[in-house]
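Listed below, chain by chain, are the residues.
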Amino acid sequence: MVIGLLTVLTLSVIQLGLALLIRNTAQDAAAEGARFAALADNTLADGVERAQQLLRVALGPSYAVDVSAEYGSYLGHPAAVVTVRTPLPLIGLVGIEHGLEVSGHAAVETLDY
C-alpha cells in the first residue's frame, strides 16, 4: 500500500518536472524567436524559423509545429511577439494537443535616427 503511494507520488513529481521542462524550453524558444525577429534586419518569418529551430533541437519536431509571430505593443512600446503552442504532456510525452501556449516579447529595433 505505502509502496504504491510512494510510486505514484514519485511518478507524479517526475511528470511535473517534465511538463515544466517543456514549458520553460518553449518559453525560451519564443523569447529567442521574438528577439531575433525584433532585430532591424530581420522579419517575423526569421523569428518564427529561429523558434522552430530551437524547439526541434531541444524537444523534437512535433513541438515545433505551431509557432506564429506578429508585431504588437508590449508595455507601450512596439514589439515583436512570438507565440508557441505545444502539447502539454500528461502521461510521459503523451498529452493535450496545443495545451500549452507561451509568448515571447522583444522591443523592435529601428534604423531611424
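Residues numbered from 1 in each chain as written. Predicted model: local features only at pLDDT ≥ 70, side-chain atom pairs only at ≥ 80, totals over all residues. Heavy atoms only, no water.

**Observations regarding the sheet that holds strand β1 (residues 66-74)**
Okay, so step 1: Strand order in the open sheet formed by three strands is β1-β2-β3, with antiparallel pairing between adjacent strands. If you trace the sheet from one side to the other, it starts and ends with β1 and β3 (94-107), each paired once. Strand after strand, the sheet turns through a mean of 30° between neighbouring axes, direction not considered.
Okay, so step 2: Relative to strand β2 (residues 77-91), β1 runs antiparallel, the two sharing nine bridges. Looking at the pairing, Ala 69 lines up with Val 82 of β2.
Okay, so step 3: Sitting on the sheet, helix α2 (residues 44-58) touches β1 and β2, and the angle it makes with β1 is about 130°. (Pairing = 2+ DSSP bridges. Helix = DSSP H or I, 4+ residues; strand = E, 2+ residues; numbered from the N terminus. Axes fitted to C-alpha atoms, helices over the stretch in contact; angles between N-to-C directions. Contact = heavy atoms within 4.5 Å.)

**What about a nonpolar patch on the surface?**
Okay, so step 1: Nonpolar side chains collect at one region of the surface, where Met 1, Val 2, Leu 5, Leu 6, Leu 9 and Val 13 lie side by side and expose about 690 Å² of accessible area between them.
Okay, so step 2: For Leu 6, the location among the structural elements is in helix α1 (residues 2-38). (Patch = residues over 30% accessible without salt bridge, like charges linked within 9 Å, V, L, I, M, F, W, Y side chains within 5 Å. Areas by Shrake-Rupley, 256 points an atom, 1.4 Å probe, with all protein chains shown as cover. Salt bridge = Lys/Arg side-chain N within 4 Å of Asp/Glu carboxyl O.)

**Concerning α1**
Okay, so step 1: An ideal rise of 1.5 Å per residue puts 54 Å on 37 residues; α1 measures up with 54 Å between its terminal C-alpha atoms.
Okay, so step 2: Turning to α1, its buried residues are Gln 15, Ala 19, Ile 22, Thr 25, Ala 26, Ala 29, Ala 30, Ala 31, Gly 33, Ala 34, Ala 37 and Ala 38.
Okay, so step 3: Looking at the buried positions of α1, the neighbouring elements they touch are α2, β1, β2 and β3. (Expected span 1.5 Å × (residues − 1). Buried < 20%, exposed > 50% of the residue type's maximum accessible area, 1.4 Å probe, protein only.)

**Looking at the nonpolar core**
Okay, so step 1: One finds Ala 26, Leu 55, Val 67, Ala 80, Val 82, Val 84 and Val 102 to be the most contacted residues of the largest nonpolar core, which totals 17 residues.
Okay, so step 2: Where this core is concerned, the elements lending two or more residues are α1, α2, β2 and β3. (Core = buried A, V, L, I, M, F, W, Y, C linked by side-chain atoms within 4.5 Å.)

**Re the confidence of the model for the chain**
Okay, so step 1: Taken residue by residue, the chain gives an average pLDDT of 92. The fraction at 70 or more is 99%.
Okay, so step 2: Highest mean pLDDT in the chain belongs to α2 (96); lowest belongs to β3 (91). (pLDDT = per-residue confidence, 0-100.)

**Section: the side chain of Asn 42**
Okay, so step 1: Summarising the element assignment, Asn 42 is placed in the loop between α1 and α2.
Okay, so step 2: Reaching out from Asn 42, the side chain makes a polar contact with the backbone oxygen of Phe 36 at a distance of 2.8 Å.
Okay, so step 3: Look past the residues within four positions of Asn 42 in its chain and what remains in contact with it is Phe 36, Ala 37 and Tyr 71. (Polar contact = N/O pair within 3.5 Å; in protein donor to acceptor, adjacent residues only side chain to side chain.)

**Looking at unusual backbone geometry**
Okay, so step 1: In the Ramachandran plot, Leu 75 falls in the positive-phi region, its phi being about 55° despite a non-glycine side chain.
Okay, so step 2: The topology assignment puts Leu 75 in the loop between β1 and β2.
Okay, so step 3: Judged by relative accessible area, Leu 75 falls into the exposed class, the value being 70%.
Okay, so step 4: At His 98, a position not held by glycine, the phi torsion is positive, near 60°.
Okay, so step 5: Examined against the element boundaries, His 98 turns out to sit in strand β3.

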